[in-house]
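# Structural characterization, general
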Amino acid sequence: MNLSVTLFGITFKNPVWVASGTFGYGLEAMEIYDISKIGAVVTKGVSLRPREGNEPPRIVETPCGMLNSIGLQNPGVEGFLRDIYPRIKDVDTHFIVNVFGETEEEYVEVCRSLEDAEKVVAYELNVSCPNVKRGGIAFGHDPVSLGSLVEKVKGSTRKPVLVKLSPNVTDITEFARVCVESGADGLVLINTVLGMRINLKKERPDLSTKMGGLSGPAILPIAVRMVWEVYERFGRAVPIIGVGGITTHEDALEHIYAGASAVQVGTANFYDPYAPLKVIEGIKSFMKEKGVMDFSVLVGRAHRMDIKS
Ligand code: SIN
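Anyway, here's the lowdown on the structure attached to this text. (Residues numbered from 1 in each chain as written. Predicted model: local features only at pLDDT ≥ 70, side-chain atom pairs only at ≥ 80, totals over all residues. Heavy atoms only, no water.)

This brings us to the site of the ligand. Lining the immediate environment of the ligand, one finds K44, N68, I70, G71, L72, N126, C129, P130, N131 and N191. At a separation of 3.5 Å, an oxygen atom of the ligand approaches a polar side-chain atom of N68. Contact between the ligand and L72: an oxygen atom at 2.8 Å from a main-chain N or O atom of the residue. Here the ligand has 260 Å² of accessible area as a free molecule, and 91% of this is covered by the chains. Partitioned by chemical class, the residues of the shell around the ligand number 4 nonpolar, 5 polar and 1 charged. (Near = heavy atom within 4 Å. Polar contact = N/O pair within 3.5 Å; in protein donor to acceptor, adjacent residues only side chain to side chain. Areas by Shrake-Rupley, 256 points an atom, 1.4 Å probe, with all protein chains shown as cover. Nonpolar A, V, L, I, M, F, W, Y, C, P; charged D, E, K, R; others polar.)

The structure is reproduced here in structure tokens:
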């Protein structure tokens, strides 16, 4: 049975990755199990300079999910290379760095700084974090800025560039189109959905930033719908990485049947760090039951079945 996938010239041992911001840099999970079983680790967002993130409270539970407004706390690219990279560089799986900047130059600078870090096989441009005032989402919500950013980063790196898109737009396929036309190697769908909770005891919003990003099982149908829409428009012309609400292998398969060539397990990691391994095993059992030898035949399958019915 072949679970490996080759996307943008890189072969991943399996299509189950972990989502940015839900697995740190892999260091904690590494202490409890062999993270090289995971198809790829997407790191917490890395920016040019260290960031403290937003004031607490910055996490609150919701029915079937959670809201976060961390604000991209991270040690900056130098801190990453100095303190984290030496501890991950021998792990036998791929790392993808989620890159954040306040300006185009900052994105380019972060990628340049990581260019010689061999373990980092690709970049995931974060243009969709809803919790920052400058940069990031300002690119992700404006097609012109988005296209210019993708072109600039593509022109300054040898590594594949993926773009993680925001669901907080009217038509995600338009943003996907801009990325494809600007040379993006892959699309990561979706980041968190903008939401808010009011704390009735305190009579004010729960989060210090008032609003934050909703993730977890509650957003699975939204993510699957957006993967479906983008696949319907572009087919396999650009690989889609599905993320949003994946807790079980069935959730992952919904993304894959909708058109994702790989998936990322996110919020589930917070309460079950073994979730990605369970998803991998579940997909293997599913393929065995169906008599499917090659994972790639599952990608976008619901579209083909849709035509037949
Ligand atoms: C955060 O750090 O605020 C979350 C990151 C993201 O939504 O991309």
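Here the narrative resumes, following the displayed structure.
What follows concerns the pairing of strand β8 (residues 120-126). Look at any regular strand and the pattern is simple: side chains alternate between the two faces of the sheet. Counted residue by residue, β8 has 7 buried out of 7 residues, so it is predominantly covered. Pairing analysis gives 5 bridges linking strand β7 (residues 94-99) to β8, with the strands arranged parallel. By the bridge assignment for β8, N98 is matched with E124. Handedness of the β-α-β unit built from β7, helix α3 (residues 104-114) and β8 comes out right-handed. (Buried < 20%, exposed > 50% of the residue type's maximum accessible area, 1.4 Å probe, protein only. Helix = DSSP H or I, 4+ residues; strand = E, 2+ residues; numbered from the N terminus. Pairing = 2+ DSSP bridges. Right-handed = clockwise from strand over helix to strand, strands pointing away.)

Right, let's talk about the packing of aromatic side chains for a bit. Using the criterion set out here, one finds 8 aromatic pairs in the structure. Plain terms: the ring middles of F12 and W17 are 4.6 Å apart, the flat faces sit at 35 degrees to each other, and that makes the pair tilted. By the burial criterion, F12 is buried, and W17 matches it. Following the ring pairs from residue to residue traces out a cluster consisting of F8, F12 and W17. (Phe/Tyr/Trp six-rings, centres within 6.5 Å; stacked < 30°, edge-to-face > 60°.)

Turning our attention to a nonpolar patch on the surface. A grouping of L194, M196, I198, L200 and M211 is seen on the molecular surface, where their side chains present a nonpolar patch of about 510 Å² in accessible area. Checked against the element boundaries, M211 lands in strand β14 (residues 211-215). (Patch = residues over 30% accessible without salt bridge, like charges linked within 9 Å, V, L, I, M, F, W, Y side chains within 5 Å. Salt bridge = Lys/Arg side-chain N within 4 Å of Asp/Glu carboxyl O.)

We now examine the sheet that holds strand β15 (residues 240-243). Strand order in this closed barrel of 8 strands is β3-β4-β7-β8-β9-β10-β15-β16, and the pairing throughout is parallel. Neighbour-to-neighbour, the strand axes of this sheet turn through a mean angle of 25 degrees, independent of strand direction. With respect to the sheet, helix α7 (residues 220-234) is in contact with β10 (186-189) and β15, its orientation differing from that of β15 by roughly 170 degrees. (Axes fitted to C-alpha atoms, helices over the stretch in contact; angles between N-to-C directions. Contact = heavy atoms within 4.5 Å.)

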